[in-house]
Amino acid sequence: EGSFDTCVKLLHDAIEGGKNDMSDTASPGATSHTVTWNKEHGDVIQAKLAEIHTLSENYTEALECYHVAISMNPQNGLAIQGLERLEKIMRGVDPDEEMDEDGEIDDEDGGQEYY
């Protein structure tokens, strides 16, 4: 739980322009670079924040972050795949199960499991 909270705090700090406890000691050039990077890659930060929320089962927050990421960059594959995975989790479907074209679990081995 503590590690998730730390990740969320760091990612929120990044979204806010790189503000964190060490920003007072950072050189102006480094701070400027951080702000520029965050503006150009804010969608990635949002997608990563959504992943953390998903792992900590904060699904409402995760949905919001994925939608923000996709609105910032509709081509963000990380956010698109993450949102699809989250939607499966929220429907009670194992997101790691292979699905066939009909939306059913692909059972190529005829129901036999091999160990």
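Because the structure is predicted, anything quoted here is derived from the model rather than measured.

Enquirer: Help me understand the packing of helix α3 (residues 59–72) against helix α4 (residues 77–91), please; the structure alone is not making it clear to me.
Expert: Helix-helix packing is described using two parameters, namely the angle between the two axes and the distance between the axes. One way to put it is that α3 packs onto α4 with a least axis distance of 9 Å and a crossing angle of 150°. Overall, the two elements α3 and α4 adopt an arrangement that is roughly antiparallel. The handedness of the crossing between α3 and α4 comes out as left-handed. Contacts from Y59, A62, L63, Y66, H67, A69 and I70 of α3 reach α4 at L78, A79, I80, G82, L83, L86, I89 and M90. When grouped by side-chain class, the residues that make up the contact of α3 with α4 number 13 nonpolar, two polar and no charged.

Enquirer: How should I be thinking about the side chain of D43 in this particular structure?
Expert: Tracing the sequence through the fold places D43 in helix α2 (residues 28–55). Buried and without a salt bridge, D43 has K48 as its closest oppositely charged side chain, separated by 12 Å. Among all residues touching D43, those that are not within four sequence positions of it are A69, M72, N73 and N76.

Enquirer: Honestly, the nonpolar core in this entry has me stumped. Any pointers?
Expert: Of all hydrophobic cores here, the largest spans 15 residues; its most connected members are L11, L49, Y66 and A79. Among the elements that make up this core, the one with the highest residue count is α2 (five residues).

Enquirer: Help me understand the layout of surface pockets, please; the structure alone is not making it clear to me.
Expert: The probe, sized like a water molecule, is rolled over the atoms to show the empty space still left. The calculated volume of the largest pocket comes to roughly 170 Å³. Around the largest pocket, the lining residues are E51, T54, L55, E57, Y59, Y66, L78, Q81, G82, R85 and I89. Broken down by secondary-structure element, the contributors of at least two residues to the lining of the largest pocket are α2, α3 and α4. Residue contributions to the lining of the largest pocket peak at five residues, all from α4. For the lining of the largest pocket, the per-class residue count stands at five nonpolar, three polar and three charged.

Enquirer: Sorry if this is basic, but what is going on with α3 here?
Expert: The α-helix advances 3.6 residues per turn, and as a result positions three or four apart in sequence lie on the same side. With 14 residues, α3 extends 20 Å between its outermost C-alpha atoms, agreeing within 8% with the 20 Å of an ideal straight helix rising 1.5 Å per residue. For α3, every residue scored as buried is listed here: A62, C65, Y66 and A69. Each buried residue of α3 lies within a common arc of 100° when the element is viewed along its axis, so the set occupies one face. Turned more than 90 degrees from where α3 packs its buried face, T60, E64 and S71 sit exposed.

Enquirer: Any chance you could explain unusual backbone geometry here in plain terms?
Expert: Residues apart from glycine generally show negative phi values, whereas peptide bonds are mostly found in trans. Positive phi values are uncommon outside glycine, yet E57 reaches one of about 60°. Under the relative-accessibility criterion, E57 is labelled exposed at 59%.

Enquirer: I keep staring at the confidence of the model for the protein and nothing clicks. Help me out?
Expert: Reading fine detail from the predicted coordinates is not recommended where pLDDT is low. Across the protein, the average pLDDT comes to 77, with 63% of residues at 70 or higher. Contacts for the low-pLDDT stretch residues 19–23, under 50 throughout, to residues beyond four places or in other chains number three contacts.

Enquirer: What is the right way to read α4 from this model?
Expert: With 15 residues, α4 extends 21 Å between its outermost C-alpha atoms, agreeing within 8% with the 21 Å of an ideal straight helix rising 1.5 Å per residue. All of the buried residues along α4 are A79, G82, L83 and L86. Looking straight down α4, one finds its buried side chains confined to an arc of 105°; they lie on one side. Those residues of α4 that are exposed and aimed more than 90 degrees away from the buried face are Q81 and R91. One side-chain oxygen at the N-terminal end of α4 lies 3.0 Å from the backbone nitrogen of L78; it belongs to N76. At the C-terminal side of α4, G92 shows a positive phi close to 85°.

Scoring rules and cut-offs
Residues numbered from 1 in each chain as written. Predicted model: local features only at pLDDT ≥ 70, side-chain atom pairs only at ≥ 80, totals over all residues. Heavy atoms only, no water. Axes fitted to C-alpha atoms, helices over the stretch in contact; angles between N-to-C directions. Helix = DSSP H or I, 4+ residues; strand = E, 2+ residues; numbered from the N terminus. Parallel < 35°, antiparallel > 145°, perpendicular 65-115°, else oblique. Left-handed = near helix turned anticlockwise from the far one by under 90°. Contact = heavy atoms within 4.5 Å. Nonpolar A, V, L, I, M, F, W, Y, C, P; charged D, E, K, R; others polar. Buried < 20%, exposed > 50% of the residue type's maximum accessible area, 1.4 Å probe, protein only. Lys, Arg positive; Asp, Glu negative; His and termini not counted. Salt bridge = Lys/Arg side-chain N within 4 Å of Asp/Glu carboxyl O. Core = buried A, V, L, I, M, F, W, Y, C linked by side-chain atoms within 4.5 Å. 1 Å grid on protein atoms, 1.4 Å probe; cavity = no way out; pocket = protein on both sides within 12 Å on 5 of 7 lines; lining within 4 Å. Points joined across faces, edges and corners; volume = space filled by probe spheres on them. Expected span 1.5 Å × (residues − 1). Arc of directions from axis to C-beta. pLDDT = per-residue confidence, 0-100. Polar contact = N/O pair within 3.5 Å; in protein donor to acceptor, adjacent residues only side chain to side chain.

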